[in-house]
Amino acid sequence: MYPARPPRKEFSEQGYGATSIRDIAQRAGVSLSALYYYKGKQELLVAILDEGLDAYFDACDEALESAGDDPAERLEAIVAATVRFRTGHPVKSSIVLTEGRSLEAEHLERYRKNEERASQQFRDIIERRRGRRLPHPVSQ
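Within every chain, residues take consecutive numbers counted from 1 along the sequence as written. Note on the predicted model: pLDDT of at least 70 is required for a residue's local features to be given, and 80 or more for side-chain atom pairs to be given and counted; whole-chain, interface and lining totals, by contrast, use all residues. The side-chain values count all of the structure's non-hydrogen atoms but skip hydrogen atoms and water molecules.

Q: Which parts of the structure should I look at to understand the pattern of salt bridges?
A: Opposite charge on two side chains permits them to pair, given that their charged atoms come into close proximity. Think of a salt bridge as a Lys or Arg side-chain nitrogen and an Asp or Glu carboxyl oxygen that are within 4 Å of each other. For the structure shown, the criterion picks out nine salt bridges. Between Glu-10 and Arg-27 there is a salt bridge, with the nearest N and O atoms lying 2.7 Å from each other. Here Glu-10 is found in helix α1 (residues 5–14), whereas its partner Arg-27 is found in helix α2 (residues 21–28), with 17 residues between them in sequence. One salt bridge in this structure joins Asp-50 and Arg-110, with 2.7 Å as the shortest N-O distance. Taken as a pair, Asp-50 in helix α4 (residues 41–65) and Arg-110 in helix α7 (residues 105–133) lie far apart in primary sequence, 60 residues in all. Strands here are runs of E lasting at least two residues and helices are runs of H or I lasting at least four, both read from the DSSP assignment and numbered beginning at the N terminus.

Q: Which parts of the structure should I look at to understand the packing of α4 against helix α5 (residues 71–88)?
A: When two helices pack together, their arrangement is given by the angle between their axes and by how far apart the axes lie. Axis lines are fitted to C-alpha atoms, over the contacting stretch for helices. Their N-to-C directions set the angle, which ranges from 0 to 180 degrees. At a closest axis distance of 8 Å, the pairing of α4 and α5 adopts a crossing angle of 145°. The way α4 lies across α5 gives a crossing that is right-handed. Of α5, the residues touching α4 (which contributes Gly-52, Ala-55, Tyr-56, Ala-59, Cys-60, Ala-63 and Leu-64) are Arg-74, Ala-77, Ile-78, Ala-81, Thr-82, Arg-84, Phe-85 and Arg-86. Residues of the contact of α4 with α5, tallied by class, amount to 10 nonpolar, two polar and three charged. For a crossing to be left-handed, the near helix must be turned anticlockwise from the far one by less than a right angle; the clockwise case is right-handed. It only takes one pair of heavy atoms within 4.5 Å for two residues to be counted as in contact. Polar here means any residue outside two lists: the nonpolar Ala, Val, Leu, Ile, Met, Phe, Trp, Tyr, Cys and Pro, and the charged Asp, Glu, Lys and Arg; Gly therefore counts as polar.

Q: Which parts of the structure should I look at to understand the packing of aromatic side chains?
A: Remark: the centre distance and the inter-plane angle together describe each pair of aromatic rings, the angle taken between the planes. Side-chain rings of Phe, Tyr and Trp, where Trp is taken by its six-membered ring, are said to pair if the distance between their centres is within 6.5 Å; with planes under 30 degrees apart they count as stacked, over 60 as edge-to-face, and otherwise as tilted. According to the stated counting rule, one finds three aromatic pairs in the structure shown. Joined through ring pairs, the aromatic side chains of Tyr-56, Phe-57 and Phe-85 make up one cluster. One residue, Arg-86, lies across the ring of Tyr-56, its end atom 5.1 Å from the ring centre. Consider the ring centre and the ring normal. A charge sits over the ring if Lys NZ or Arg CZ is within 6 Å of that centre and within 35 degrees of that normal. Over the ring of Phe-57 we find Arg-117, and its NZ or CZ is 3.7 Å from the ring centre.

Q: I keep staring at the environment of Leu-97 and nothing clicks. Help me out?
A: Mapped onto the secondary structure, Leu-97 falls in helix α6 (residues 90–98). Note on classification: 1.4 Å probe, protein chains only; a residue is buried when its accessible area is under 20% of the maximum for its type, exposed when over 50%, partly exposed between these limits. Of the residues examined, Leu-97 reaches a relative accessible area of 53% and is grouped as exposed. Expressed as a C-alpha distance, the spacing of Leu-97 and Glu-115, which sit 18 residues apart in the sequence, is 9.3 Å.

Q: Is there a simple way to explain the nonpolar core in this structure?
A: A general tendency of soluble globular proteins is for nonpolar side chains to be buried together. In this description, a nonpolar core means a group of buried Ala, Val, Leu, Ile, Met, Phe, Trp, Tyr and Cys residues linked to one another through side-chain atoms lying within 4.5 Å. Residues Phe-11, Leu-45, Leu-49, Tyr-56, Ile-95, Leu-103 and Tyr-111 are the most contacted members of the largest nonpolar core, which totals 26 residues. Going through the elements one at a time, α2, α4, α5, α6 and α7 are the ones with two or more residues in this core. Top element by residues in this core is α4. It accounts for 11 residues. Aside from chain neighbours lying at most four places away, what touches Ile-95 is Arg-8, Phe-11, Ser-12, Leu-45, Ile-48, Leu-49 and Gly-100.

Q: Which parts of the structure should I look at to understand α1?
A: At 3.6 residues per turn, the α-helix brings residues three or four places apart onto the same side. Turning to α1, its buried residues are Pro-6, Pro-7, Arg-8, Glu-10 and Phe-11. The inward-facing, buried residues of α1 abut α2, α4 and α6. The positive-phi residue at the C-terminal boundary of α1 is Gly-15, with phi of around 90°.

Q: Got a minute to help me understand the packing of α1 against α2 in this structure?
A: At a closest axis distance of 8 Å, the pairing of α1 and α2 adopts a crossing angle of 125°. Taken together, α1 and α2 sit at an angle that is classed as oblique. Considering how the two elements wind past one another, α1 and α2 form a crossing that is right-handed. On α2, the residues that touch Pro-6, Pro-7, Lys-9, Glu-10, Phe-11, Glu-13 and Gln-14 of α1 are Asp-23, Ile-24, Arg-27 and Ala-28. Considering only residue class, the contact of α1 with α2 consists of five nonpolar, one polar and five charged. Angles below 35 degrees are treated as roughly parallel, those above 145 as roughly antiparallel, those between 65 and 115 as roughly perpendicular, and all remaining angles as oblique.

Read these as geometric descriptors, not functional statements.
Quick look at the structure:
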């Protein structure tokens, strides 16, 4: 397992681009060479983003499982889960929202798919609600 807290704090405070492996090692209290096991800070960023997205999706999935089938209840549940995640995990949330731009091409596609998945969760609920609200035209 990678040392999550030190790079997460550094990326959150300074941004990925301004953070060096040396900064992370100093905050973690480990040698610089210990962090190069992770192939540099890009791998640390990927691991942190994965961890943050997994936590976010877990929170949303849990909220949706307990919400029932009513689209309004489901929308309320996913919005509440998102707000709880953002306020309860501000550092993870900040990195997930801002540092995807720092990913190299080999990791960017997977990150974009996760962004789309997050948006799609909301769209699915809203489209389902629209389907209930808008009556189908009656043929004559």
